[in-house]
Amino acid sequence: GQQLNQSPQSMFIQEGEDVSMNCTSSSIFNTWLWYKQDPGEGPVLLIALYKAGELTSNGRLTAQFGITRKDSFLNISASIPSDVGIYFCAGLRWDSNYQLIWGAGTKLIIKP
Amino acid sequence: EAQVTQNPRYLITVTGKKLTVTCSQNMNHEYMSWYRQDPGLGLRQIYYSMNVEVTDKGDVPEGYKVSRKEKRNFPLILESPSPNQTSLYFCASSPRPRVIGNQPQHFGDGTRLSIL
């Protein structure tokens, strides 16, 4: 099945640094979602984007729906230890029976 | 408390021994789905259900069955498990198939299956 290209695969950063990750696809999506997964738990929705060009914030998190509708990025500003986890992008196409297509995830690790 | 409950959380079993992973949600959601999560592959959808008695294949349905006899329950059945089905499984539910506003998919805490 199709999958989104999410990068980077993992990131080692210092506390306080800004973080940026993105997802790209060869297909157009109607909705982009960003989830975070903590160890031993299921993914939790962080931000949902519904319109091309849309820029949405949730606290220190900012995500954008690319103009081409084929990409999205997530930024985390001033990272803190609890930001550690795996971040997933997911895209939704209305003509695909509402199936979510997922990226492989970006693992965020904060160096002590 | 609104939640999606999966059982068991962990299971080690042998090839060919039928098993069922239960999923129950208490939010009266119409849409439920099953995913498997493997390293480097993210989440891949196995089956989903738009409503009671309506189920459809996702990306990786081979070797799995589901049923949706009641709105709250969506069990995942492995009739003859094989080692390549060793994975972390998540059940999810949402009010509607399409994410609208702040109505995301709610995920269970996962079931780790090991098939020897």
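You'll find the structure just up there.
Enquirer: Tell me about the state of the cysteines, and please be specific about residues and values.
Expert: All told, the structure shown has two disulfides over all chains when counted by the stated rule. The disulfide partner of C23 of chain A is C89 of chain A, and the S-S distance across this bridge is 1.6 Å. Judged by the sign of its S-S torsion, about -75°, the cystine formed by C23 of chain A and C89 of chain A is left-handed. Within this pair, whereas C23 of chain A is found in strand β3 (residues 19-24), its partner C89 of chain A is found in strand β9 (residues 85-92), the two being separated by 66 residues in sequence. Exposure remark for C23 of chain A: the relative accessible area of 0% places this residue in the buried category. Here C23 of chain B is linked by a disulfide to C91 of chain B, with a sulfur-sulfur distance of 1.9 Å. One disulfide, between C23 of chain B and C91 of chain B, carries an S-S torsion of -75° and so falls in the left-handed class. You can see C23 of chain B sitting in strand β3 (residues 19-25) and its partner C91 of chain B sitting in strand β9 (residues 87-94), a full 68 residues away along the chain. Each member of the pair C23 of chain B and C91 of chain B is classed as buried.

Calculation rules
Residues numbered from 1 in each chain as written. Chains lettered and ligands numbered in written order. Predicted model: local features only at pLDDT ≥ 70, side-chain atom pairs only at ≥ 80, totals over all residues. Heavy atoms only, no water. Disulfide = S-S within 2.5 Å. Helix = DSSP H or I, 4+ residues; strand = E, 2+ residues; numbered from the N terminus. Buried < 20%, exposed > 50% of the residue type's maximum accessible area, 1.4 Å probe, protein only.

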